Amino acid sequence: MLSDVFTFALQNGLPKDTLLFLLLLPALGTLIIFFRIVIGLPVSLSRGIVLSLALSSPSLGLAYGFAFFTVSVILDVFVRKLLEQFRLLLPARHVVSILVLSMVALGIFLFAGYFSKERLLEIEFLPLLLIIVSAQGLLHIQPGDHPLKPFIWFLGMAALLSSSFYLLTSLPLQHFILSSPLIFIAILVLFLLLLARFRGLRLVEYIR
């Protein structure tokens, strides 16, 4: 039994987090592809994975993570729109956006240190860095787009990030994966096959 092999490996030093991550990574990818194909959320697989991993960090969490994500995306859109009139190269705009986001994050942590906001001070640098970098150019607003496009996009991202947070942190799901890995893999393969053959309209097409 595969579960017995897992148990033996864990008893001989294999970190539990490593084992779970290797099994959850394709499940996370399947979830992101579901939101892309069925829902119509324009987020790449790599950015979706990076953001999901950042928000699942114990030091950050879903509430603070989505708050930093929202601020990062809004500031990035504002900075890029502001810099368009200067005709800067796109990579340069990204660096300026990162500079602004870094200064804002620095201001937040200085505020937390001054007023002893311990919960904010416990946030690690790496997940915050992943959010700031992933926010670059993530939301595209073109002339003629529906006014509700940003709101609908944020709703979609909130649903995706909440679902991925549960997927990566759910203890019952982790227990099921370790106790019944073959069933978990079979379910995952079935969902992948269904998504690969999906030919229906995306949900956003009905909203239009």
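Our structure's up above, just so we're on the same page.
Rules used in this analysis
- Each chain carries its own residue numbering, running from 1 in the written order of its sequence.
- Only residues with pLDDT of 70 or above have their local features reported here, since the model is predicted, and side-chain atom pairs are shown and tallied only from 80 upward, although totals for entire chains, interfaces and linings are computed over all residues.
- To obtain the side-chain values, all non-hydrogen atoms of the structure were included, while hydrogens and water were left out.
- To qualify as a helix, a DSSP run of H or I must reach at least 4 residues; to qualify as a strand, a run of E must reach at least 2; elements of each kind are numbered from the N terminus.
- Each residue is assigned to one of three classes by its accessible area relative to the maximum for its type, calculated with a 1.4 Å probe on protein chains only: buried under 20%, partly exposed between the two thresholds, exposed over 50%.
- Contact definition: two residues touch when any of their heavy atoms are within 4.5 Å.
- In this scheme, a helix's expected span is set at 1.5 Å multiplied by one less than its residue total.
- Axes here refer to lines fitted to C-alpha atoms; in helices the fit is confined to the stretch in contact. Angles between the N-to-C directions go from 0 to 180 degrees.
- If you view the pair so one helix is near and one far, a crossing is left-handed when the near helix is turned anticlockwise from the far one by less than a right angle, and right-handed when it is turned clockwise.
- When residues are sorted by character, Ala, Val, Leu, Ile, Met, Phe, Trp, Tyr, Cys and Pro go into the nonpolar class, Asp, Glu, Lys and Arg into the charged class, and all the rest, Gly among them, into the polar class.
- In this scheme, patches are assembled from residues that exceed 30% relative accessible area and form no salt bridge. Like charges are connected within 9 Å, while nonpolar side chains (Val, Leu, Ile, Met, Phe, Trp, Tyr) are connected within 5 Å.
- Residue exposure ignores everything except the shown protein chains as possible cover, and the areas themselves are Shrake-Rupley values with a 1.4 Å probe.
- The rule for a salt bridge is simple: a side-chain nitrogen of Lys or Arg has to be within 4 Å of a carboxyl oxygen of Asp or Glu.
- Stacked, tilted and edge-to-face are the three classes applied to pairs of Phe, Tyr and Trp rings, where Trp contributes its six-membered ring and a pair requires centres within 6.5 Å; stacked means planes under 30 degrees apart, edge-to-face means over 60, and tilted covers the rest.
- N or O atoms within 3.5 Å of each other form a polar contact, as long as, within protein, one can give a hydrogen and the other can take it, and as long as residues adjacent in sequence are counted only when both atoms are side-chain atoms.

(A) Main features of the overall build of the protein. Of the regular secondary structure elements, the protein holds 11 helices and zero strands. Dimensions of the protein, computed from C-alpha atoms along their principal axes, come out at roughly 60 × 50 × 25 Å. Counting all 208 residues of the protein, 35% fall into the buried class. In the protein, once contacts between residues fewer than 6 apart in sequence are set aside, the share between residues at least 24 apart is 75%.

(B) Molecular detail of helix α5 (residues 90–114). Across its 25 residues, α5 extends 36 Å between first and last C-alpha, which sits within 8% of the 36 Å expected from 1.5 Å per residue. Where α5 is concerned, the buried positions are Arg93, Ser97, Leu101, Ala105 and Ala112. Those residues of α5 that are buried lie in contact with α4 (61–83), α6 (118–121) and α7 (125–134).

(C) Examining the packing of α4 against helix α8 (residues 149–169) more closely. At a minimum axis distance of 11 Å, the contact between α4 and α8 shows a crossing angle of 150°. Two packed elements cross with a definite hand, and for α4 against α8 that hand is right-handed. In this structure, α4 contributes Gly61, Leu62, Phe66, Phe69, Thr70, Val73 and Ile74 to the contact, and α8 contributes Trp153, Phe154, Met157, Ala158, Leu161, Ser162 and Phe165. Tallied by class, residues from the contact of α4 with α8 come to 11 nonpolar, three polar and no charged.

(D) Just a nonpolar patch on the surface, in detail. Judged by side-chain polarity, Ile98, Phe125, Leu126, Leu129 and Val133 come together as a nonpolar surface patch covering roughly 460 Å² of accessible area. At four residues, the largest contribution of residues to the nonpolar patch is made by α7. For Leu129, the position within the fold is in helix α7. Accessibility expressed as a relative area gives 32% for Leu129, which makes it partly exposed.

(E) Highlighting the environment of Phe68. Along the polypeptide, Phe68 turns up in helix α4. When near neighbours in sequence (up to four residues on either side) are disregarded, Phe68 contacts Leu60, Ile108, Leu120, Ile123, Leu128 and Ile131.

(F) Quick look at the packing of aromatic side chains. Here the structure, examined in full by the defined rule, presents six aromatic pairs. Aromatic pair Phe68 and Phe109: ring centres 6.4 Å apart, planes at 15°, arrangement stacked. Residue Phe68 is found in helix α4, and its partner Phe109 is found in helix α5; the two are separated by 41 residues along the sequence. On the basis of relative accessible area, Phe109 is assigned to the partly exposed category, the value being 21%. Between the aromatic rings of Phe69 and Phe154, the centroid separation amounts to 6.5 Å while the plane-to-plane angle is 70°, which identifies the pairing as edge-to-face. With Phe69 in helix α4 and Phe154 in helix α8, the pair connects residues that are 85 residues apart, well separated along the chain.

(G) Structural context of the side chain of Ser164. Checked against the element boundaries, Ser164 lands in helix α8. On the basis of relative accessibility, which here comes to 1%, the residue Ser164 falls in the buried class. A polar contact is formed between the side chain of Ser164 and the backbone oxygen of Leu161, at a distance of 2.9 Å. When residues no more than four places from it in sequence are discounted, the contact partners of Ser164 are Leu28, Leu31 and Ser52.

(H) Summary view of α4. The end-to-end C-alpha distance of α4 is 32 Å, a good match for the 33 Å that 23 residues give at a rise of 1.5 Å each. Of the residues making up α4, those classed as buried are Gly61, Gly65, Phe68, Phe69, Ser72, Val73, Asp76, Val77, Val79, Arg80 and Leu83. Considering only its buried residues, α4 is in contact with α3 (45–55), α5, α6, α7 and α8.

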